[in-house]
Amino acid sequence: MRLRVLGCSGSDLPGYNLTSFLINETILLDAGSVTSSLSLSQQSMIKEIFVTHAHLDHIKDILFLADNLIELVVRDGHGPVRVRGLKPVLESIQSHLLNDTIWPDFTILPATTNPVLERNPLAPGEWVNVQGLRVAAFPVNHAQAASGYVFWQPETNSHFAFTGDTGPTHDWWDFMNGLPFSLEHLIIEASFPNGMEHLALLSKHLTPRLLRKELDNLKVRPKVFISHMKSPFSMEIQEQLQQALTGYSYHLLRDGEDIDF
Ligand SMILES: [Zn+2]
Ligand SMILES: [Zn+2]
């Protein structure tokens, strides 16, 4: 399974892209920076979008992707792109963005029988088969509703889990400990430095210190991949991660890199 990091930053600044991963060229995991990263032909290969939560930095390019693809739907028989996530997450995107006020409703355009976007709600913990992979969403502690994801290819046992944005959380770790395989790769966030723990907790994010406490809930020690650092604090966060992740193998994600799981 190949993961391309289109964006992994918690801040939108020149040289820093918002959260978005492309899996095996056809699946998006969050959509914070898609249309600025991929050519139109690459965008046209996307069949599925898994959304962690409805915050703009994770979903804004669903809007622009839909706008880019409508011509292909009209002229070239391009089928709908399935947008998947927890039901309240999809409902928020629909009612607050795809409402014909902020943006056109691409779930009924260009025709109700042939839309650009199709909503596919996921039940927490339920495995679905998508493009040869098994995928499950499970709630985490962030926003009004949010989930992380597990992507798993059983034949090769290649897999990774992604928490998405989260503050300290509980049931997610039980779900991780109960997976049908031993977790080897975990993408998790570290948004703020330790000195901003109060703000991290209020906004339901992690600091390096909080991140380490979360990892201690796991029965295994996966390799840890860090995302969603707020750019102004990234040097401070990186220094604190060195201490917080003692005993762990970890990697700071970079925009544009490919990772083979
Ligand atoms: Zn968020
Ligand atoms: Zn975010």
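As shown above, the structure is provided for reference.
The shown structure was predicted, so the numbers you read here are calculated from the model rather than taken from an experiment.

Topic: the overall build of the protein chain
- Within the protein chain, the regular secondary structure consists of seven helices and 16 strands.
- For 261 residues, the compact-globule estimate of 2.2 N^0.38 gives 18 Å, and the C-alpha radius of gyration of the protein chain, at 18 Å, lies within 12% of that figure.
- Across its three principal axes, the protein chain shows a C-alpha extent of roughly 55 × 40 × 30 Å.
- Relative to its 261 residues, the protein chain shows a buried fraction of 43%.
- Considering only contacts within the protein chain whose residues lie at least 6 apart along the sequence, 60% involve residues at least 24 apart.

Observations regarding the sheet that holds strand 13 (residues 185-189)
- One open sheet accounts for seven strands, arranged 9-10-11-12-13-14-15; its pairing is mixed. Each having just a single partner strand, strand 9 (127-130) and strand 15 (250-252) make up the two edges of the open sheet. Pairs of neighbouring strands in the sheet enclose a mean axial angle of 20°, with direction left out of account.
- Sheet topology places strand 11 (residues 147-153) next to strand 12 (residues 158-162); five bridges connect them, and they run antiparallel. Along strand 12, the bridge assignment pairs Val150 with Ala161.

Describing helix 7 (residues 234-244)
- Among the residues of helix 7, those classed as buried are Ile237, Gln240, Leu241 and Ala244. What you see down the axis of helix 7 is that its buried residues fit within an arc of 110°, all on one side. Across from the buried face of helix 7, at angles greater than 90 degrees, the exposed residues are Met235, Gln242 and Gln243.
- In the core, the buried residues of helix 7 are packed alongside helix 6 (208-215), strand 14 (223-227) and strand 15.

A few points about helix 2 (residues 56-76)
- Relative to the 30 Å expected for 21 residues at 1.5 Å per residue, helix 2 spans 30 Å between its end C-alpha atoms, a close match to the ideal helical length.
- The largest bend in helix 2 is about 35°, located at Leu69.
- Every buried residue of helix 2 is listed here: Asp57, His58, Ile59, Lys60, Asp61, Ile62, Leu63, Leu65, Ala66, Leu69 and Val73.
- Following helix 2 by one or two positions, Gly77 has its phi on the positive side, about 70°.

A few points about the pairing of strand 5 (residues 81-86)
- Among the six residues of strand 5, five are classified as buried, and the element is accordingly described as predominantly covered.
- Of the pairings in the sheet, the one linking strand 4 (residues 48-50) to strand 5 comprises three bridges and is parallel in character. Bridging across to strand 5, Ile49 finds its partner in Val83.
- Between the parallel elements strand 4 and strand 5, the chain passes through helix 2 in a crossover that is right-handed.
- Of the pairings in the sheet, the one linking strand 5 to strand 8 (residues 117-122) comprises six bridges and is parallel in character. Across the sheet, the residue bridging to Arg84 is Asn120, located in strand 8.

Section: the packing of helix 6 against helix 7
- Viewed as axis vectors pointing N to C, helix 6 and helix 7 meet at an angle of 35°, and their least axial separation amounts to 9 Å. As helix 6 packs across helix 7, the resulting crossing turns out to be right-handed. Residues Pro208, Arg209, Leu211 and Arg212 of helix 6 form the contact with helix 7, whose own contacting residues are Ile237, Gln240, Leu241 and Ala244.
- Taken together, the residues that form the contact of helix 6 with helix 7 break down as five nonpolar, one polar and two charged.

Description of the environment of Asn68
- Looking at the secondary structure, you find Asn68 in helix 2.
- Between the alpha carbons of Asn68 and Pro139 there is a distance of 31 Å; along the sequence they are 71 residues apart.
- Among all residues touching Asn68, those that are not within four sequence positions of it are Thr35, Leu40 and Gln43.

What to know about unusual backbone geometry
- With omega at 0°, the peptide bond leading from Leu109 into Pro110 counts as cis.
- Inspection of the secondary structure puts Pro110 in strand 6 (residues 110-111).
- The backbone phi angle of Asn157 is positive, close to 60°, even though this residue is not glycine.
- Within the secondary structure, Asn157 is located in the loop between strand 11 and strand 12.
- In this structure Asn157 comes out as exposed when scored by C-beta crowding, with 12 C-beta atoms within 10 Å.
- In this model, His228 sits at a positive phi of 65°, which is unusual for a non-glycine residue.
- Checked against the element boundaries, His228 lands in the loop between strand 14 and helix 7.
- Accessibility expressed as a C-beta count within 10 Å gives 28 for His228, which makes it buried.

How each quantity is defined
Numbering of residues begins from 1 in every chain and follows the order in which that chain's sequence is written. Chains and ligands are labelled by the order in which they are written, letters from A for the one and numbers from 1 for the other. Totals for whole chains, interfaces and linings use every residue, but because this is a predicted model, local features are given only for residues with pLDDT of at least 70 and side-chain atom pairs only at 80 or more, for both listing and counting. Secondary structure is summarised from DSSP: a helix means a run of H or I of at least four residues, a strand means a run of E of at least two, and numbering begins at the N terminus for each. Only C-alpha atoms enter the radius of gyration, while the globule expectation follows 2.2 Å times N to the 0.38, with N the number of residues. Burial in this document is a count-based property: other C-beta atoms within 10 Å of a residue's C-beta are tallied, and the residue is buried at 20 or more, exposed at 12 or fewer, or partly exposed in between, with C-beta positions derived from the backbone. Here contacts are defined at the residue level, using C-beta atoms placed from the backbone and a cut-off of 7 Å between them. Strands qualify as paired when DSSP identifies two bridges or more between them. As a rule, the C-alpha atoms of each element are fitted with a line to give its axis, helices using only the stretch in contact, and angles between N-to-C directions run from 0 to 180 degrees. Each direction from the helix axis to a C-beta atom contributes to the arc, which is the arc of those directions. Here, expected helix span is obtained from the residue count minus one, scaled by 1.5 Å. The seven residues ending at a residue and the seven starting there each receive a fitted axis; the angle between those axes is the bend at that residue. Handedness of a crossover is defined as follows: orient the strands so they point away from the viewer, and if the path from the first strand over the helix to the second runs clockwise, the crossover is right-handed. Crossing handedness is defined as follows: a turn of the near helix away from the far one that is anticlockwise and smaller than a right angle gives a left-handed crossing, while the clockwise case is right-handed. As a working rule, the residues Ala, Val, Leu, Ile, Met, Phe, Trp, Tyr, Cys and Pro are called nonpolar, Asp, Glu, Lys and Arg charged, and the rest polar, with Gly in that last group.

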